[in-house]
Amino acid sequence: MVHQKRPQHVTEDISDLALGEIHPKAELELLAHVAECEACREAYSEARAVRALIDRGVESLVAGEPSPQFDARLRASIAREPISALGYRNPLRLWEPATRWPLSCVAGVMALVVIIIFAMTSLTRRQRSAPLIAAVPAASTLPVDSGIAIQPSTVNPERHRTKLASRSSRSARTHREPEVLVSGEELRAVAQLYEATQAGRVDSERLYTSQQQTRQLLELKPIEITPLESPPVVPATDSANGPSLFLN
Amino acid sequence: MDVLEASFPGHAVSRETSLEQEFERRLADCPTLAYRVALGVLRNTAEAEDVAQEAMLRAYRNFHRLRDRECFRSWLARMAWRLALDRIRAAGRRERREQAAFLDNRQAAGVENVLVAREFQRSVARALDALPEKLRLVMTLAAIEGYNTGEVAKLTRLPEGTVKSRLFLARKKLAESMQWFIKKDHNT
């Protein structure tokens, strides 16, 4: 059987057969046909040649052996590796590309922690060395009944009180001695008194004694309560109507 | 004496060596696989060696994480494939690769006409590069494994039927791409 002009589908089937993908049943039929048909046999052998050419071409792209130095270089690279296949780390080779980043990160974090601790310590020290008595704006610290005018504030009083409480508790943690807040006038008076005492214009002994005396004078004593004497009640009489309804 | 013993004369061999010996054994089963896979992508011997070395080093570093040791060959092949593709993508070395293909071919051509062989190899390389990646991988691995579809199926961890079908499609596309060359070759 000879095809004068090969039909398209037969050519495609033959090409597919040569390239290796066809249904097993169709493959048997096609092979039987190829054995009988000279034109199809020729097409089949052509397709097989194309396949061989392609395969050889691709093979030539991947053919070859690595150079003799390749093995030696691989050994050297493995020797440089800090981590073995078992995950073992050579402590002498810690500063390798594989471990460099984690180590750098750890060192950075540690440096940051040290800086923060140092900054906090120096701040605490500075706060301790600060004067315990300081002039502060009267409006923000003095109690309402101190006689000093307080500026009206837009701050929520409840929140302000909480803030002050937290601040005072924080300061109590940081300072061992109590903080004294005084107004500017009081501070000036204290300064003048201190100056006068230092200059000898005021006898501090005498001042102290007088203060003690004042305290003694102001000593509290129990209050004695004496019962009040009530005046005698005179019965009201009405001569016209007889004796009063109110009797003793 | 294996590579690891030579590399770690003091402490490596004295440790538990079973894993390292196994790595050595697995590597000995496929000494040129990584290199040839890389060569199939890069077509430059020096670069292929670099990539193969990198792939083997990665395999060495992570061998303890590989649960199924039977998959070592496919694991290594895939690693070499990806590294080679990364290298190509990173540097756009197509021109250099074509020049290198010419040089390699001139050495291997032997009695064949150097010009024809060069032209043929260039056209094959171009056609192979134009293939989709999954077809290109199967075709390259098939060429490395002597067109043994069973081995390619193991390497790619695909069913053998899928490998056959992809191989067929790859060949068909290559034949279409190289039609002009094949016709010319037949005429001459």
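Our structure is the block above this text.
Residues numbered from 1 in each chain as written. Chains lettered and ligands numbered in written order. Predicted model: local features only at pLDDT ≥ 70, side-chain atom pairs only at ≥ 80, totals over all residues. Heavy atoms only, no water.

A. Structural context of the overall build of chain B. Across its full length, chain B holds 11 helices and zero strands. From first element to last, N terminus to C terminus, chain B shows the α and β order α-α-α-α-α-α-α-α-α-α-α. Out of the 188 residues belonging to chain B, those deemed buried represent 53%. Put simply, of all contacts in chain B between residues at least 6 apart along the chain, 64% involve residues at least 24 apart. Accessible surface, chain B: about 9300 Å² in total, of which carbon and sulfur atoms supply 47%. (Helix = DSSP H or I, 4+ residues; strand = E, 2+ residues; numbered from the N terminus. Buried < 20%, exposed > 50% of the residue type's maximum accessible area, 1.4 Å probe, protein only. Contact = heavy atoms within 4.5 Å. Areas by Shrake-Rupley, 256 points an atom, 1.4 Å probe, with all protein chains shown as cover.)

B. Expanded view of the overall build of chain A. When you go through chain A residue by residue, the secondary structure sums to nine helices and two strands. In chain A, the order of α-helices and β-strands from amino to carboxyl end is α-α-α-α-α-β-α-α-β-α-α. A buried classification covers 18% of the 248 residues belonging to chain A. Once local pairs closer than 6 in sequence are excluded, the contacts in chain A between residues at least 24 apart make up 48%. Summed over its atoms, the accessible surface of chain A is roughly 20000 Å², and 60% of this surface lies on carbon and sulfur atoms.

C. Summary view of the side chain of Glu49 of chain B. When you line up the elements, Glu49 of chain B lands in helix α4 (residues 45-62). The class for Glu49 of chain B is buried, based on a relative accessible area of 7%. Within the structure, the side chain of Glu49 of chain B is placed 2.3 Å from the side chain of Arg73 of chain A, a separation counted as a polar contact. (Polar contact = N/O pair within 3.5 Å; in protein donor to acceptor, adjacent residues only side chain to side chain.)

D. Quick peek at the environment of Leu31 of chain A. Residue and element names in this part refer to chain A. Counting through the fold element by element, Leu31 comes out in helix α2 (residues 24-36). Placed 13 residues apart in sequence, Leu31 and Tyr44 show a C-alpha to C-alpha distance of 9.4 Å. Ignoring anything within four residues of it in the chain, the contact list for Leu31 reads Leu17 and Tyr44.

E. Structural context of unusual backbone geometry. All names here are of chain B. One non-glycine residue, Arg43, lies in the positive phi region at around 55 degrees. Inspection of the secondary structure assignment puts Arg43 in the loop between α3 (33-42) and α4. With relative accessibility at 4%, the residue Arg43 sits in the buried group. Of note, the phi angle at Arg157 is positive, near 55 degrees, even though the residue is not glycine. Relative to the assigned elements, Arg157 resides in the loop between α9 (149-156) and α10 (160-177).

F. Quick peek at the packing of aromatic side chains. Counted by the stated rule, this structure contains five aromatic pairs over all chains. Directly above the aromatic system of Phe63 of chain B lies the positively charged group of Arg69 of chain B, at a separation of 4.7 Å from the ring centroid. (Phe/Tyr/Trp six-rings, centres within 6.5 Å; stacked < 30°, edge-to-face > 60°. Lys NZ or Arg CZ within 6 Å of the ring centre and 35° of its normal.)

G. Focus on the nonpolar core. Within the largest apolar cluster, 66 residues are counted, with the highest numbers of intra-cluster contacts made by Val58 of chain A together with Phe72, Leu76 and Met139 of chain B. Residue contributions to this core peak at 11 residues, all from helix α5 (residues 72-91) of chain B. Excluding residues within four positions of it along the chain, Leu76 of chain B makes contact with Leu27, Cys30, Ala34, Ala55, Met56 and Ala59 of chain B. Listed in part, the 11 residues of the second largest apolar core include Leu17, Cys37, Ala39 and Ala43 of chain A. (Core = buried A, V, L, I, M, F, W, Y, C linked by side-chain atoms within 4.5 Å.)

H. Main features of the pattern of salt bridges. Per the stated rule, a full pass over the model turns up 15 salt bridges over all chains. Asp55 of chain A is paired through a salt bridge with Arg51 of chain A; the nearest N and O atoms lie 3.7 Å apart. Here Asp55 of chain A pairs with Arg51 of chain A, and both are found in helix α3 (residues 38-62), just four residues apart, close to one helical turn. Ionic pairing is found between Glu151 of chain B and Lys154 of chain B, a salt bridge with its closest N-O pair at 3.7 Å. Note that Glu151 of chain B and Lys154 of chain B are positioned in helix α9 at a spacing of three residues, about one turn of the helix. (Salt bridge = Lys/Arg side-chain N within 4 Å of Asp/Glu carboxyl O.)

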